[in-house]
Amino acid sequence: MYSWIWRKLPFGLPGKLFGSLVLATATVALLWFVVFPWAEPLLPFDDVQVTQDSGVPGDDGITEPTGLPGEEELPYSTETNNAPPSTPNR
């Protein structure tokens, strides 16, 4: 298809380059100003649901944290950056 368009564009190489640029610009403008605005309401990008409704009156889906920050046990040291050497499995 692209070779057919290239062969049909007139005025030699400069005309073909200019014609290709015009066709590409027209395609981008058509997509940007016509197709994308038409398709935007059909796409679910703005349909965001943060919480789920439990059906209980007064329950807004927000849960309180359990415990104070820092009470959880971390599987690594926060004091040093030196991990103990591991032994290779042979």
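On a predicted model such as this, the values are computed, not experimentally measured, just so you know.

Caption draft 1: Spotlight on the overall build of the protein chain. Check the secondary structure of the protein chain and you find two helices and zero strands. Per-residue burial for the protein chain yields a buried fraction of 6% across its 90 residues. When the accessible surface of the protein chain is totalled, it reaches about 9300 Å², and 63% of it is carbon and sulfur.

Caption draft 2: Focus on the side chain of K16. You can see K16 is positioned in helix 2 (residues 12-39). Here K16 is buried and forms no salt bridge, its nearest opposite-charge partner E40 lying at an N-O distance of 38 Å. Residues within four places of K16 in sequence aside, it is in contact with W6, R7, L9 and P10.

Caption draft 3: Representation of unusual backbone geometry in the model. In this structure, F11 takes a positive phi of about 70° despite not being glycine. Looking at where F11 falls in the secondary structure, it is placed in the loop between helix 1 (2-8) and helix 2.

About the criteria used
- Residues numbered from 1 in each chain as written.
- Predicted model: local features only at pLDDT ≥ 70, side-chain atom pairs only at ≥ 80, totals over all residues.
- Heavy atoms only, no water.
- Helix = DSSP H or I, 4+ residues; strand = E, 2+ residues; numbered from the N terminus.
- Buried < 20%, exposed > 50% of the residue type's maximum accessible area, 1.4 Å probe, protein only.
- Areas by Shrake-Rupley, 256 points an atom, 1.4 Å probe, with all protein chains shown as cover.
- Lys, Arg positive; Asp, Glu negative; His and termini not counted.
- Salt bridge = Lys/Arg side-chain N within 4 Å of Asp/Glu carboxyl O.
- Contact = heavy atoms within 4.5 Å.

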